[in-house]
2 protein chains.
Amino acid sequence: MADAPRIVRDPATMRAEVIANRTAGRRIGFVPTMGALHAGHCSLVERAAAECDDVVVSVFVNPTQFGPGEDYARYPRSLEADAALVGRLGVRWIHAPLADDIYPPGAATRVVVDGPATPFEGRARPGHFTGVATVVCRLFQAVPADVAYFGAKDWQQTLVVRRMVRDLGLPIEIVVCPTVREPDGLAMSSRNAYLDPDERFRAVALFESLEAATAAWERGAEVAVIERAMRAALVARGVAVDYASIVDSETLGSPVVGREAVALVAGRVGATRLIDNRVLAGRGSSA
Amino acid sequence: MADAPRIVRDPATMRAEVIANRTAGRRIGFVPTMGALHAGHCSLVERAAAECDDVVVSVFVNPTQFGPGEDYARYPRSLEADAALVGRLGVRWIHAPLADDIYPPGAATRVVVDGPATPFEGRARPGHFTGVATVVCRLFQAVPADVAYFGAKDWQQTLVVRRMVRDLGLPIEIVVCPTVREPDGLAMSSRNAYLDPDERFRAVALFESLEAATAAWERGAEVAVIERAMRAALVARGVAVDYASIVDSETLGSPVVGREAVALVAGRVGATRLIDNRVLAGRGSSA
């Protein structure tokens, strides 16, 4: 039976703990989250626990990555339940800073990523990735781990974080873990809690559109044809589509022959915005 | 007789050296520069050498902090002379990365500071402080020293760097060292090398305007009156004035009773843009 994780508020204390343990030769894994933990987060923690001596989970609902009118205020917060959940997985520390610890009075610094942050979520949620990059950079100072774990569900976010880490030379390894799904295929997300039963039923359309896109991609269908079919499948279930696209999995530009692609979907089911994606193996023709 | 400093190009190698020595209990001081080293830089190195066990000087002419039409291409470059100069002061490493090491292919990340970066140099040189903040953040990863030394001559830059360090929680102490001057008062600057004899003679007007401003400030003169006099003194010597202002030394807003202020001047002497400043003790009236 693992001990309960220690909850550490102060970033400087957190940093000192991580450094002391790394200096003693321990490998530290870090799973940054906004709390409201579910099986997707648990899979990141399990991977971290398997590969590292100690695991830190951060729980911080980052105000700067929410736009005006988004769900910052009502985003689910459940630190006690989160601690109990990951405690069972052997997490040693939960870093739960206060907003003032992360954004001190007069804070005026933003980490801005262009390139992979520009299309899709970048266009749908202006400032979102600046908030993500800034808080991840800040959290990597408080938790100077060997390796950090991110979920593939937020595909574009993983590209933005990798880009920032490479560009600023941040000394941490980034590992991306597969999306965890409900039995019917819906990607695990803290926002699924917002769905009423009818919306929950319709939300599976995102997964289904990706399934169909994968089959069509493997048959060699044209990208434009696949994208139209994805959109139609989503609309048929009442999803208000933001985008349904197939692009290069790294550049997010047009698919390139022989290179891995990714199908990206985003849309609103009722008032709840959901995203999902599926990586597609490179194929001979990108037509 | 100190050994010649070791020149390290690769940021990862540089980082490993610094960490190995810190882990062995040595205190490491860092002086980031663009090379073309002069007595001002030497004073930073001497302070670092007095306070630390080992000193790293970086030499990197950072393209992103120069605007279009500025002097990036002709900025003086003299790595051998720089190495000889600081070698005599006991510097252990010179970190001289290539541009591709600092800005990898596809680089798309900028560290943007608002607040103290907005007025004065921020207005005169759009993008300048974003270039500074980005490269300093990157260099702090390659040289994870205990403490970094900056010159007070670039007063606003010291505020921007401090702001970034505080906001991102970068684990390094910032020390600001006094401006070093020529016998006639001209602040040491690599750009002084651009001045012809007549320009060199006229350039002392920046220092003289600050001297006069200090005396007037201490007499209790009104800020607006002092600023007009500074500007007039500069114009009289043929300096094309960018700004000549007295502001709060930390916020760069209007001076506040009892708080330290700073007089800031910037202007062009011929084709060469020069800046200088003088910190002013808080006084009873800010009128």
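It should be noted that the structure appears before, not after, this text.
Participant: Requested: an account of helix 9 (residues 205-219) of chain B, with residues and values cited.
Facilitator: Think of an α-helix as 3.6 residues a turn; residues three or four steps apart then line up on the same face. Residues and elements named next belong to chain B. Along its 15 residues, helix 9 runs 21 Å from first to last C-alpha, staying within 8% of the 21 Å computed at 1.5 Å per residue. The complete set of buried residues in helix 9 reads Ala-205, Leu-206, Phe-207, Ser-209, Leu-210, Ala-213, Ala-216 and Trp-217. Looking at the packing, one finds that the buried side of helix 9 touches helix 8 (197-203), helix 10 (223-236), strand 8 (240-248), strand 9 (261-269) and strand 10 (272-280). Positive backbone phi, approximately 95°, marks Gly-220, located one or two places after helix 9.

Participant: Give a detailed account of the sheet that holds strand 7 (residues 173-177) of chain A, specifying residues and quantitative values.
Facilitator: All names here are of chain A. Spatial strand order, 1-4-3-2-6-7: six strands in an open sheet with parallel pairing. One side of each edge strand has no neighbouring strand; the edge strands of this open sheet are strand 1 (6-8) and strand 7. On average, each strand axis in the sheet is inclined to that of its neighbour by 25°, with strand direction left out of account. In this sheet, strand 4 (residues 93-95) lies alongside strand 1 in parallel orientation, the contact comprising three bridges.

Participant: If you had to explain the environment of B:Phe207 to someone new, which residues and values would you point to?
Facilitator: Residues and elements named next belong to chain B. Among the secondary structure elements, Phe-207 is positioned in helix 9. Put simply, Phe-207 and Asp-154 are 53 residues apart on the chain and 14 Å apart in space, counted from C-alpha to C-alpha. Those residues in contact with Phe-207 that lie beyond four places of it in its chain are Arg-181, Gly-185, Leu-186, Ala-187 and Asp-276.

Participant: Please provide a residue-by-residue account of the environment of B:Val45, values included.
Facilitator: Residue and element names in this part refer to chain B. Tracing the backbone through its elements, the reader meets Val-45 in helix 2 (residues 39-51). Along the primary structure Val-45 and Gly-29 are separated by 16 residues, whereas in three dimensions their C-alpha atoms are 8.5 Å apart. The residues touching Val-45, leaving out its near neighbours within four places in the chain, are Val-31, Val-55, Val-57, Val-86, Leu-89 and Val-91.

Participant: For the interface of chain A and chain B, give the residues involved together with the corresponding values.
Facilitator: At the interface, 26 residues of chain A touch 26 residues of chain B. Of all the secondary-structure elements, those providing two or more residues to the side of chain A that touches chain B are helix 1 (11-23), strand 5 (109-113), helix 6 (128-142) and helix 7 (155-168) of chain A.

Participant: Describe the environment of A:Ala50, and please don't skip the residues or the numbers.
Facilitator: All names here are of chain A. Tracing the sequence through the fold places Ala-50 in helix 2 (residues 39-51). On the basis of neighbour count, Ala-50 is assigned to the exposed category, with 9 C-beta atoms found within 10 Å. Each C-alpha atom, one on Ala-50 and one on Pro-144, is 19 Å from the other, the two residues being 94 residues apart in sequence.

Criteria and cut-off values
- Throughout, residues of each chain are indexed from 1 in the direction in which the sequence is written.
- Written order decides the labels, with chains lettered from A and ligands numbered from 1.
- Whole-chain, interface and lining totals are the exception, using all residues; otherwise, since this is a predicted model, local features are given only for residues with pLDDT of at least 70 and side-chain atom pairs are given and counted only at 80 or more.
- Secondary structure follows DSSP: runs of H or I at least 4 residues long count as helices, runs of E at least 2 residues long count as strands, and numbering of each begins at the N terminus.
- In a helix, the anticipated span is given by 1.5 Å times the number of residues less one.
- Residue burial here comes from a neighbour count, namely the number of other C-beta atoms, placed from the backbone, that lie within 10 Å of the residue's own C-beta, with 20 or more meaning buried, 12 or fewer meaning exposed, and in between meaning partly exposed.
- Any pair of residues counts as being in contact when their C-beta atoms, constructed from backbone geometry, are within 7 Å of one another.
- Whether two strands pair comes down to DSSP finding at least two bridges between them.
- Orientation is described by lines fitted to C-alpha atoms, with helices fitted over the stretch in contact, and by angles between N-to-C directions that extend from 0 to 180 degrees.

Any link to function would need more than the numbers given here.
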